[in-house]
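One-letter residues, chain by chain:
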Amino acid sequence: MNSLKAASLSATYATLDHIPPFFWNLLNVIADIIAFWYLKLVNYLRPHSRTLYYDAIQQLDACTSYADWQTAAARVDDITGVDLWRRNFFSRRYDFRSVLEQYALLARALDTGDIDALMEKCSTTGPCMLRNFAGIADKKLFTKSLLGTKLLIEQYLERTTAALDTLTAQPRVPTSFFQRCKLSLGTTALVLQGGSLFGLFHLGVIKGLLLHGLLPNIISGSSMGACIAAMFGCLSNDELAHMLRGDTILQTIRKDDELLHACGYGNMERHLNLGTLIQNLIHHGYSQDVYLFHQFVLKYIVKDITFEEAYQRTRKVFNVVIHPTDPSCPNLLNYVTTPNVLIRSAVMCSLGSEIVSNDTTLLCKNLSNEIEPFLTIEKFKHIRFLAPENSVNPNPNDIENPYMRLTELFNVNNFVVSLARPYLAPFVVNDLKHEIKTSKYYYYKHYPEANDKILKTLPDIGFSQVNFIEMEPLAFKFKYHLERKLKNILTMEFYHRMQVLDNLGLLSSWVKRLIIDERTPRSAVEIAIVPNIKSLSMTRIVEGEIDNIAFWIDSGERSTWPILSLIRTRCQVEFKLDEIIKQRKTMY
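As annotated in an unreviewed UniProt entry, the protein chain carries the name Bifunctional triglyceride lipase/lysophosphatidylethanolamine acyltransferase and is attributed to Maudiozyma humilis.

J.: Can you explain the overall build of the protein chain? Please cite residues and give values.
T.: Check the secondary structure of the protein chain and you find 25 helices and 10 strands. By the burial criterion, 50% of the 588 residues in the protein chain qualify as buried. Counting only contacts in the protein chain whose residues sit at least 6 apart along the sequence, the fraction spanning at least 24 positions is 79%. Carbon and sulfur atoms make up 56% of the accessible area of the protein chain, which amounts to about 28,300 Å² in all.

J.: Can you tell me about the nonpolar core, naming the residues and giving the values?
T.: Ranked by internal contacts, the top residues of the largest apolar core, which has 122 residues, are I206, M231, I249 and F293. Apart from residues no more than four positions distant in its own chain, I206 is found in contact with L190, L192, L215, I219, I228, F232, L240 and L244. Of all hydrophobic cores here, the second largest spans 13 residues; its members include L332, L406, F410 and F415.

J.: Summarise the packing of helix 11 (residues 224-234) against helix 12 (residues 237-244); cite the residues concerned and give the values.
T.: In the contact formed by helix 11 and helix 12, the axes pass within 8 Å of each other and the chain directions differ by 130°. The angle between the axes of helix 11 and helix 12 places the two elements in the oblique class. Contacts between helix 11 and helix 12 involve M231, F232 and C234 from the first element and N237, E239, L240, M243 and L244 from the second. A breakdown of the residues in the contact of helix 11 with helix 12 according to their chemical character gives six nonpolar, one polar and one charged.

J.: Residue-level account of the pairing of strand 7 (residues 412-419), with values.
T.: Most of strand 7 sits inside the fold, with seven of its eight residues counted as buried. With seven bridges joining them, strand 1 (residues 187-193) and strand 7 adopt parallel strand pairing. Across the sheet, A189 pairs through a bridge with F415, a residue of strand 7.

J.: Before we move on, could you go through helix 16 (residues 288-302) and cite the residues and values that matter?
T.: For helix 16, spanning 15 residues, the distance from its first C-alpha to its last is 20 Å, which sits close to the expected 21 Å at 1.5 Å a residue. Across the 15 residues of helix 16, 11 count as buried, placing the element largely inside the fold. Restricting attention to buried positions, one finds in helix 16 the residues Q288, D289, V290, L292, F293, H294, F296, V297, L298, I301 and V302. Positive phi shows up at K303, right after helix 16, with a value of about 55°.

J.: Now, about helix 18 (residues 343-351): what can you tell me, with residues and values included?
T.: For an α-helix the count is 3.6 residues per turn, leaving residues at separations of three or four pointing the same way. Along helix 18, seven of the nine residues are buried, which leaves the element largely enclosed by surrounding structure. Listed in full, the buried residues belonging to helix 18 are I343, S345, A346, V347, C349, S350 and L351. One or two steps after helix 18, the chain reaches G352, where phi turns positive at roughly 110°.

J.: Mind laying out the environment of G126, listing which residues take part and the relevant values?
T.: Assignment of secondary structure puts G126 in the loop between helix 7 (115-121) and helix 8 (151-168). Judged by relative accessible area, which is 4%, G126 ranks as buried. Once the C-alpha coordinates of G126 and C181 are considered, the two residues, 55 residues apart in sequence, prove to be 9.4 Å apart. Beyond its immediate stretch of four places on either side in the chain, G126 contacts E120 and K121.

J.: Could you give me a rundown of the side chain of N331, with the residues and numbers involved?
T.: On the secondary structure map, N331 appears in the loop between strand 3 (317-321) and strand 4 (332-333). N331 sits in the buried class, given a relative accessible area of 15%.

J.: Provide a residue-level description of unusual backbone geometry, including the pertinent values.
T.: The phi dihedral of A134 falls on the positive side, at around 60°, and the residue is not glycine. Within the secondary structure layout, A134 lies in the loop between helix 7 and helix 8. You will see that K303, though not glycine, has its phi angle at about 55°, which is positive. Here K303 lies in the loop between helix 16 and helix 17 (307-314).

J.: Let's hear about empty space enclosed by the protein: which residues, and what values?
T.: Applying the stated criterion across every chain, the model contains five cavities of 30 Å³ or more. Quantified by volume, the second largest cavity comes out at close to 90 Å³. Along the walls of the second largest cavity sit 16 residues, with C128, L130, R131, L157 and V573 positioned nearest its centre. Elements with a contribution of two residues or more to the lining of the second largest cavity: helix 8 and helix 25 (564-587). With six residues, the single largest contributor to the lining of the second largest cavity is helix 25.

J.: An account of the pattern of salt bridges is requested, with residue identities and associated values reported.
T.: In total, this model carries 12 salt bridges according to the counting rule given. A salt bridge links D116 to R172; the shortest N-O distance between them is 3.3 Å. Of this pair, D116 sits in helix 7 while R172 sits in the loop between helix 8 and helix 9 (175-185), and the two are 56 residues apart along the sequence. On the accessibility criterion, R172 (52% relative accessible area) is exposed. Here K576 and E579 are joined by a salt bridge, their closest N and O atoms 4.0 Å apart. With K576 and E579 both in helix 25 and three residues apart, the pair spans about one turn of that helix. Relative accessible area serves as the criterion here: at 15%, K576 is assigned to the buried category. Judged by relative accessible area, E579 falls into the partly exposed class, the value being 45%.

What counts, and where the lines are drawn
- Residues numbered from 1 in each chain as written.
- Predicted model: local features only at pLDDT ≥ 70, side-chain atom pairs only at ≥ 80, totals over all residues.
- Heavy atoms only, no water.
- Helix = DSSP H or I, 4+ residues; strand = E, 2+ residues; numbered from the N terminus.
- Buried < 20%, exposed > 50% of the residue type's maximum accessible area, 1.4 Å probe, protein only.
- Contact = heavy atoms within 4.5 Å.
- Areas by Shrake-Rupley, 256 points an atom, 1.4 Å probe, with all protein chains shown as cover.
- Core = buried A, V, L, I, M, F, W, Y, C linked by side-chain atoms within 4.5 Å.
- Axes fitted to C-alpha atoms, helices over the stretch in contact; angles between N-to-C directions.
- Parallel < 35°, antiparallel > 145°, perpendicular 65-115°, else oblique.
- Nonpolar A, V, L, I, M, F, W, Y, C, P; charged D, E, K, R; others polar.
- Pairing = 2+ DSSP bridges.
- Expected span 1.5 Å × (residues − 1).
- 1 Å grid on protein atoms, 1.4 Å probe; cavity = no way out; pocket = protein on both sides within 12 Å on 5 of 7 lines; lining within 4 Å.
- Points joined across faces, edges and corners; volume = space filled by probe spheres on them.
- Salt bridge = Lys/Arg side-chain N within 4 Å of Asp/Glu carboxyl O.

Laid out in structure tokens, this is it:
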């Protein structure tokens with residue numbers, strides 16, 4: 001039976017290898033014609049008010065820079081009336097009275113130069129050191145407008161950072177004050193999960209966060225995400241920005257004929273046959289362009305650097321998650337747990353022995369700076385390292401969970417998760433980007449007068465006019481809530497069934513590679529970033545062209561744009577404290 005199955009697969013791959021490229025080009029043309037006439041028919045049947053909205057959304061998806069995206073997003077917000085929602089600070093999603101009160105107190109203290117009042121508000125027990133004070137970080141507040149949340153929340157955070165700047169200029173405020181505040185507030189970590197097929201998407205996420213000053217100093221990665229995390233940890237932010245700018249990576253790769261030949265490209269214009277490429281995807285679990293970039297990072301960036309050497313050079317905390325068959329072997333590798341381990345060996349082990357080679361081992365440098373196996377005990381000689389989808393996924397709150405250990409080592413209580421799986425985008429419950437267009441179900445038409453009783457309870461902070469927003473449905477609001485509920489129910493049911501099948505050992509490896517994910521601790525807050533479903537191009541994945549590197553970097557950067565306001569709200573005070581502490585250490 002196995003021989004018959006292998007023979008049928010070989011025949012299929014051989015047939016695909018001999019199909020001329022003209023046939024695939026013809027299929028692409030037919031698909032484009034069908035898509036064109038489908039959109040033509042939909043636009044003809046759609047009402048004029050909906051056509052304006054969808055035209056604005058299409059312009060939004062076609063933007064090539066963040067500035068253009070902001071302009072297009074402002075037009076969408078204007079069409080739907082959400083710009084009025086932003087200017088009005090009333091909402092049931094957060095305690096706007098508490099935010100208004102603290103805003104007024106901060107404004108008064110800044111105007112009068114009351115340092116004691118500012119220290120009280122910014123102390124470890126003060127409201128300014130709460131990441132989700134009065135519910136301002138509720139993700140529901142970021143699903144209405146493409147540009148951000150309530151303007152009151154943004155102004156409150158600006159006042160908070162201004163208060164920290166004022167305290168920084170005071171010599172009598174010690175550095176330990178800011179360090180205690182940072183310890184109380186917690187730390188943010190970026191998690192790069194998997195990505196053997198779409199792992200280059202993580203590069204764009206890092207680029208998007210880096211360009212806007214929102215890249216955390218702690219990154220953890222597994223599988224292909226470990227390779228991207230290693231690149232982050234071995235380069236300074238300036239070097240990383242230069243590497244991700246333009247076609248710097250492509251120019252370096254094109255000059256290295258040896259690397260191209262080793263990765264199966266031969267010449268730059270000639271790639272492997274289609275059957276061989278599909279065979280690599282199914283049996284080895286990686287795309288050709290992903291494997292090429294992986295080898296580029298190991299050769300040009302990681303080299304023979306250890307975790308401790310990388311930390312001493314860049315002062316960045318990056319973690320590599322591995323899945324050994326022996327539970328006594330550490331599964332979270334960083335400069336604290338395994339300082340003398342070679343980063344390149346950790347990245348190879350994170351990919352898994354079944355993908356790289358069966359003799360994958362962890363390497364380290366001894367006191368004589370010589371490379372030797374890290375696991376020298378007899379029982380570790382036959383240890384194997386599993387791919388993330390083939391490992392036993394521990395409970396998120398279990399001490400053996402690597403992300404639980406991450407929270408304990410570095411005080412992490414806020415995760416930004418980059419999930420490189422476009423096909424799971426509609427099923428990710430905590431993904432903001434795919435919920436942010438809920439404004440298509442309704443718009444805000446006008447401002448009726450506010451209730452005088454409520455106005456009397458608010459502090460006088462200079463707002464000349466306060467109004468409520470009345471929501472007038474453009475489509476049935478019930479439809480939106482029904483779709484959300486059904487989506488959540490179907491998602492939970494789907495993942496539950498997949499977890500049961502995985503625990504019973506009934507899921508094949510390639511299905512688990514597409515479905516099973518690592519889970520972060522429930523006590524931590526999580527933000528998910530996933531690629532746009534339009535980025536899923538089977539032609540690009542199968543062919544593995546070199547230009548895919550630039551394509552996925554651009555796709556990852558675009559995916560961060562709608563999430564920036566939420567990340568900024570949750571991390572703005574934290575990053576300001578990091579900047580102050582770093583500045584104080586440099587001065588003294």
